[in-house]
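Given next are the chains, with one letter for each unit.
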Protein chains: 2
Amino acid sequence: MLVEGTHFELKKNTPGEIGKKSIACSISDIAAMGCSAKYAVVSICFPHETKTKFAKELFLGMKREADAYDIKIIGGDIVSGKKMLAINVVMYGKNDGLNPVTRSGAKISDAIMVTGTLGGSILRKHIAFKPRLREGLVLNKKFSINSMIDISDGLVADLNHILEESKVGAILYRDKIPISTDAKKLARKTGLSALYHALHDGEDYELLFTLSNKESEKLLASKPLQVRLSKIGHIKKSNGIVMQDSKGKLRIINPIGYKHFK
Amino acid sequence: MLVEGTHFELKKNTPGEIGKKSIACSISDIAAMGCSAKYAVVSICFPHETKTKFAKELFLGMKREADAYDIKIIGGDIVSGKKMLAINVVMYGKNDGLNPVTRSGAKISDAIMVTGTLGGSILRKHIAFKPRLREGLVLNKKFSINSMIDISDGLVADLNHILEESKVGAILYRDKIPISTDAKKLARKTGLSALYHALHDGEDYELLFTLSNKESEKLLASKPLQVRLSKIGHIKKSNGIVMQDSKGKLRIINPIGYKHFK
């Protein structure tokens, strides 16, 4: 579910952008399973003061994004609410004989890889990202991917989801984290490091996955994707995440979790 | 989608009641198709100040209702929002070889029937109703039901949905509308008639359906349901809804629609 104030701002984002993002986020979930997205069911709560023009543009944004990935919006519902815009998209994927990739299959010694660059998505990418649907499908079709997730909570937090579900730990290589230019830009504003933003910012919607080192070498050699690929660490036996710098020095990294309840 | 201020009030309703209702509404949608409900996917937006106790009780309300109808909650997501509680439930039904009943199959001369009694649900029923899942399934299994809907917007408004989708009109028998005791109670407060409340109040979640007059006689004679059944009118060729009183006098009834946009 995407809600005003958390996933978009009515003052900053156009209705078309909000519609696009709501579909794209769900496509990204299917991408992370290495499958095709086929159908979407959309539920929307519009605040009472919503104008028809706004609703139409929101839907057009959804429709355009769905069309771009050959997805049909097949149903849903509309309600009116006092307070805020909320959008729920349920996306239906198809595995076409492939095994959907889960978060729970990471194996000890697996290479940890990620698509694209990370951090600072709040500056723009969070509302305009391209879900990695094609990439996830190619990875699942041509390589033996052991676990995969899309980065919505942040690299460390989402890696932690894989680790918890796979009951393993990880070492990250500090110098290999692909830091985006927006992470650097944001770091100048926040006073935090660009690396910090790459590790902890959410909503990059890149794919984070693990596969045997041999498979990762095959992947890096065959270059089947147009997007940047980085090998950023490996899976180890014991719990938690440790970051290793170029001199081999180790530091424990804790996920900065989103706490839903008080 | 169910949202605070529209479908429930945090000050009036317990979290358990809200959870129960969110599942029951979706069960009612499946009931209206005359099928079995099997799986639910639940998305929730919790306001930032939500306490764990509240979230647990909400979920327990959902779980108890799902269990009562042998439905499994198989997934979903949780987000945090600035402003309000919103709950989206996607319910998966199974037709078990039956044809799902739609809104578009009403035929000229069909009898119009309804389960239970109507009106005044705001006093209590809207948060505590029993979805007519078993009833819908029995109707679809044992009788030839041409169209069906659950009453969420109100008798007239939901009948109008059937009429529009079936491209037909209807005559309602004024003296046959099953008016609830809560409709009478509410009428004393609002100054409107109890009949008005039975015709236009939403959220009764009773089943409204049409079938040939012969089938309706068979249904009334065989009494397969424990709930009250009323034959409240019949389908006619021309558009709109007309109400006929005991003296044969006719009056056009307009649905009091819910306007989502300005």
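- Chain A is annotated in an unreviewed UniProt entry as Thiamine-monophosphate kinase from Candidatus Scalindua rubra.
- As its UniProt record puts it under Catalytic activity (unreviewed entry), chain A is described as follows: "thiamine phosphate + ATP = thiamine diphosphate + ADP".

### Topic: the interface of chain B and chain A
At step 1: Counting residues at the interface gives 34 residues for chain B, matched by 34 residues for chain A.
At step 2: Summed over both partners, the interface of chain B with chain A buries about 2,900 Å², with 58% contributed by carbon and sulfur atoms.
At step 3: Remark: the boundary between chain B and chain A carries two salt bridges.
At step 4: When contributions to the side of chain B that touches chain A are tallied by element, the ones reaching two or more residues are β2 (36-47), α2 (52-68), β3 (72-81) and β4 (86-94) of chain B.
At step 5: Here the residues of the side of chain B that touches chain A sort into 15 nonpolar, eleven polar and eight charged.

### Quick word on helix α8 (residues 213-222) of chain B
Residue and element names in this part refer to chain B.
At step 1: For α8, the complete set of buried residues consists of Glu-215, Ser-216 and Leu-219. Looking straight down α8, one finds that the buried residues subtend no more than 100 degrees of arc, so they occupy a single side. Of the residues in α8, the exposed ones pointing more than 90 degrees away from the buried face are Lys-214 and Ala-221.
At step 2: Here the buried face of α8 lies against β5 (111-115), α4 (133-142), β8 (207-211) and β9 (229-236).
At step 3: Immediately beyond the C-terminal end of α8, within one or two residues, lies Lys-223, with a positive phi of roughly 45 degrees.

### A word on the domain arrangement of chain A
By a frequent convention, interface size equals the accessible area lost on bringing the separate parts together.
Residue and element names in this part refer to chain A.
At step 1: The assigned domain composition of chain A is domain 1 (2-94) and domain 2 (111-253).
At step 2: Placing the centre of domain 1 and that of domain 2 at their C-alpha centroids yields a distance of 26 Å.
At step 3: Contacts between the two partners involve 22 residues from domain 1 and, on the opposite side, 18 residues from domain 2.
At step 4: When domain 1 packs against domain 2, the two sides together hide about 1,600 Å² of surface, and 58% of this comes from carbon and sulfur.
At step 5: Three residues, Lys-21, Ala-32 and Tyr-69, lead the burial of domain 1 against domain 2; their summed loss comes to 29% of the area buried on that side.
At step 6: Connecting domain 1 to domain 2 are two salt bridges.

### Quick word on the pairing of strand β11 (residues 250-253) of chain A
Side-chain direction in a regular strand flips from residue to residue, so the side chains alternate between the two faces of the sheet.
Residue and element names in this part refer to chain A.
At step 1: In this sheet, β11 lies alongside strand β10 (residues 241-244) in antiparallel orientation, the contact comprising four bridges. For Met-243, the partnering residue across the bridge sits in β11 and is Arg-251.
At step 2: From the end of β10 to the start of β11, which pair antiparallel, there are five residues, and Gly-248 there has a positive phi angle of about 90 degrees.

### Side note on the relation of the copies chain B and chain A
At step 1: In the superposition of chain B on chain A (RMSD 0.0 Å, axial shift 0.0 Å), the rotation amounts to 180 degrees. Read as a symmetry element, the transformation amounts to a two-fold axis.
At step 2: A symmetric contact is evident, with 100% of the interface residues of chain B recurring at the interface of chain A.

### Things to note about the environment of Leu-211 of chain B
Residue and element names in this part refer to chain B.
At step 1: Of note, Leu-211 is situated in strand β8.
At step 2: According to the relative accessible area criterion, Leu-211 is buried, its value standing at 0%.
At step 3: For the pair formed by Leu-211 and Glu-9, sequence separation is 202 residues and the distance between their alpha carbons is 37 Å.
At step 4: Ignoring anything within four residues of it in the chain, the contact list for Leu-211 reads Asp-110, Ala-111, Met-113, Ser-144, Ile-145, Asn-146, Ser-216 and Leu-219.

Rules and cut-offs
- Residues numbered from 1 in each chain as written.
- Chains lettered and ligands numbered in written order.
- Predicted model: local features only at pLDDT ≥ 70, side-chain atom pairs only at ≥ 80, totals over all residues.
- Heavy atoms only, no water.
- UniProt positions renumbered as here; feature names shortened; annotations may be inferred.
- Contact = heavy atoms within 4.5 Å.
- Buried area = accessible area lost by both parts, 1.4 Å probe.
- Salt bridge = Lys/Arg side-chain N within 4 Å of Asp/Glu carboxyl O.
- Helix = DSSP H or I, 4+ residues; strand = E, 2+ residues; numbered from the N terminus.
- Nonpolar A, V, L, I, M, F, W, Y, C, P; charged D, E, K, R; others polar.
- Buried < 20%, exposed > 50% of the residue type's maximum accessible area, 1.4 Å probe, protein only.
- Arc of directions from axis to C-beta.
- Domains from an automatic or database assignment.
- Pairing = 2+ DSSP bridges.
- Least-squares fit on C-alpha atoms with pLDDT ≥ 70 in both.

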